[in-house]
Amino acid sequence: MSKVFIPENYHSQLNLIETEVAIKMIKDYFERRLSEELRLTRVSAPLFLLKNTGLNDDLNGTERPVAFNSYELNNDDEIEIIHSLAKWKRDALYRYGFEAHTGLYTDMNAIRRDETIDNLHSMYVDQWDWELVIKPEDRTVDFFKQTVKKIYKALLDLDFLMIRHYPKLDKGLLPEKIFFITTQELEDVYPDLTPKERERAITKAKKAVCLMKIGDTLKSGIKHDGRAPDYDDWTLNGDILVYHPILDDAFELSSMGVRVDAKALKEQLKKAHAEERTELPYHQNVLNNVYPLSIGGGIGQSRLCMFFLKKAHIGEVQASLWDEDTMRICEENDIHLL
């Protein structure tokens, strides 16, 4: 069943060709600004990984990767289409030999077969995955916030670019500063709301929010949201959320965090009842301090375009597959899916 939402009186300000031109401009500009702010080098990235390396992102632990075998490899080696490159990037930092406060970014394309498809979600995922080598003394909330502010500066610059090139899109969307709050603080402010309702309430009030400390259980006994236990340190991570006026809702642009060290990995695997993963190569390299300490994240490319072009559906800025009801409803409401 289609979960598409049609905003009242919605009409795209750009036609299909204008949209495609704007998508190219947004991606080129933001990619350059991101690499400048964080001192990142672009590298090539895989579309698939061997399952037994432990390098694929497990997301919430329930999503099934698309998997296959190859006659050219050992038939017992299962190959998985990536969910994201959260763990692969840390391995790449080690293999490339990046120094402290330098790092990499890449174009990531993934398939998430179990994604719930709606205005914001697609089976096809495209994002900039980035990873930066840090020092032990950088594993702090202050350093995390500093990194968020650098990314937000690139977003503000993009906001200004859109105002200049596309005046028909009206005023800018972002406030001068991003607001920081933890998931527990957010629960304390809105104890009677669900996690998603809290996100909507705080982004509607502040317009741009970094919601920190995601993954662990709150005082209420629930988690704000799920996080895999083996890449982000749940005490040093966060999502960049903005308010999307077209959808009147919170809109996640980025998920990021300081990565687990050996201590945090052990603690979080125990909480997640996933201690068997410690035998995998990736986890062994974290536990034995082979990998560098790092901070990293993903920034949705289609999400970014959808937000700054004031689109109502992610299919207006990316080519994917949709169910018949979604295509019919969008066609009836003059929403043009690519």
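These lines cover the structure that appears in this document, whether it is placed above or below. (Residues numbered from 1 in each chain as written. Predicted model: local features only at pLDDT ≥ 70, side-chain atom pairs only at ≥ 80, totals over all residues. Heavy atoms only, no water.)

**Notes on the sheet that holds strand β3 (residues 67-68)**
Within a beta sheet, neighbouring strands are joined by backbone hydrogen bonds and run either parallel or antiparallel to one another. With respect to topology, three strands assemble into an open sheet ordered β2-β4-β3, the strand pairing being antiparallel. The outermost strands of the open sheet, each flanked by one partner alone, are β2 (48-50) and β3. Alignment of β2 against strand β4 (residues 79-81), held across three bridges, turns out to be antiparallel. Bridge assignment links Leu-50 to a residue of β4, and that residue is Ile-79. (Pairing = 2+ DSSP bridges. Helix = DSSP H or I, 4+ residues; strand = E, 2+ residues; numbered from the N terminus.)

**A word on the packing of helix α1 (residues 16-38) against helix α3 (residues 141-165)**
Remark: α1 packs on α3, axes separated minimally by 9 Å, with the N-to-C direction vectors making an angle of 150°. Relative to α3, the element α1 lies roughly antiparallel. Both α1 and α3 take part in a crossing whose hand is right-handed. Counting all contacts with α1, which are made through Met-25, Ile-26, Tyr-29, Phe-30, Arg-33, Leu-34, Glu-37 and Leu-38, the residues of α3 involved are Thr-147, Lys-150, Ile-151, Lys-153, Ala-154, Leu-155, Asp-157, Leu-158, Leu-161, Met-162 and His-165. (Axes fitted to C-alpha atoms, helices over the stretch in contact; angles between N-to-C directions. Parallel < 35°, antiparallel > 145°, perpendicular 65-115°, else oblique. Left-handed = near helix turned anticlockwise from the far one by under 90°. Contact = heavy atoms within 4.5 Å.)

**Focus on the side chain of Gln-127**
The topology assignment puts Gln-127 in strand β6 (residues 124-133). Those residues in contact with Gln-127, other than ones at most four positions away along the chain, are Ser-84, Thr-106, Asp-107, Met-108, Gly-298, Ile-299, Gly-300 and Gln-301.

**Describing the packing of α1 against helix α8 (residues 301-308)**
Between α1 and α8, whose axes approach to 10 Å, the crossing angle comes to 120°. Classified by the angle between their axes, α1 and α8 sit oblique to one another. The two elements α1 and α8 meet at a crossing, and its hand is right-handed. Contacts from Ile-23, Ile-26, Lys-27 and Phe-30 of α1 reach α8 at Gln-301, Leu-304, Cys-305 and Phe-308. Class assignment for the residues of the contact of α1 with α8 results in six nonpolar, one polar and one charged. (Nonpolar A, V, L, I, M, F, W, Y, C, P; charged D, E, K, R; others polar.)

**Points about the pattern of salt bridges**
Should the charged atoms of two oppositely charged side chains come close, the side chains can pair. What the rule picks out here adds up to 29 salt bridges. As a salt-bridge pair, Arg-42 and Asp-107 come within 3.0 Å of each other at their nearest N and O atoms. With Arg-42 in strand β1 (residues 40-42) and Asp-107 in strand β5 (residues 103-111), the pair connects residues that are 65 residues apart, well separated along the chain. On the accessibility criterion, Arg-42 (44% relative accessible area) is partly exposed. Overall, Asp-107 belongs to the partly exposed group, its relative accessible area being 26%. For Lys-89, the salt bridge identified is with Asp-129, shortest N-O distance 3.0 Å. Of this pair, Lys-89 sits in helix α2 (residues 88-96) while Asp-129 sits in strand β6, placing them 40 residues apart in sequence. Each member of the pair Lys-89 and Asp-129 is classed as buried. (Salt bridge = Lys/Arg side-chain N within 4 Å of Asp/Glu carboxyl O. Buried < 20%, exposed > 50% of the residue type's maximum accessible area, 1.4 Å probe, protein only.)

**Describing the environment of Glu-99**
Within the element layout of this structure, Glu-99 appears in the loop between α2 and β5. The class of Glu-99 is exposed, set by a relative accessible area of 61%.

**Topic: the packing of aromatic side chains**
Under the defined criterion, the tally for this structure stands at seven aromatic pairs. Seen in terms of ring centroids, Phe-30 and Trp-128 are 5.3 Å apart; in terms of plane orientation they differ by 45°. Their pairing is tilted. Taken together, the residues Phe-30 in helix α1 and Trp-128 in strand β6 connect sequence positions 98 residues apart. Across the pair, Trp-128 and Phe-30 agree in class, each one buried. (Phe/Tyr/Trp six-rings, centres within 6.5 Å; stacked < 30°, edge-to-face > 60°.)

**A short note on α3**
For α3, spanning 25 residues, the distance from its first C-alpha to its last is 36 Å, which sits close to the expected 36 Å at 1.5 Å a residue. The set of residues buried in α3 consists of Phe-143, Phe-144, Thr-147, Val-148, Ile-151, Tyr-152, Ala-154, Leu-155, Leu-158, Asp-159, Leu-161 and Met-162. (Expected span 1.5 Å × (residues − 1).)

**Things to note about the nonpolar core**
The biggest cluster of nonpolar side chains holds 61 residues, and the ones touching the most others in it are Phe-30, Trp-130 and Phe-308. Ranked by residues supplied to this core, first place goes to α3 with 10 residues. If sequence neighbours within four positions are ignored, Phe-308 has contacts with Ile-26, Leu-155, Leu-158, Asp-159, Met-162, Leu-169, Leu-173 and Leu-174. Ile-82, Tyr-231, Ala-274 and Val-286 belong to the second-largest nonpolar core, a separate cluster that totals 27 residues. (Core = buried A, V, L, I, M, F, W, Y, C linked by side-chain atoms within 4.5 Å.)

**Observations regarding the pairing of strand β8 (residues 208-212)**
The buried fraction of β8 amounts to five of the five residues, a majority that puts the element mostly inside the structure. Alternating residues of β8 divide into Ala-208, Cys-210 and Met-212 and Val-209 and Leu-211, and every residue in both groups is buried. Bridge analysis of strand β7 (residues 179-182) against β8 gives four bridges, and the strand direction is parallel. The residue of β8 that forms the bridge with Thr-182 is Met-212. Examined bridge by bridge, β8 and strand β9 (residues 232-244) share five bridges and lie antiparallel to one another. Pairing of Leu-211 across the sheet is with Asp-239, part of β9.

**Some points on the environment of Glu-275**
Turning to its location among the elements, Glu-275 is positioned in the loop between α6 (262-271) and α7 (281-287). Separated by 232 residues in the primary sequence, Glu-275 and Val-43 place their C-alpha atoms 32 Å from one another. Setting aside its immediate chain neighbours within four residues, Glu-275 contacts Leu-269 and Lys-270.

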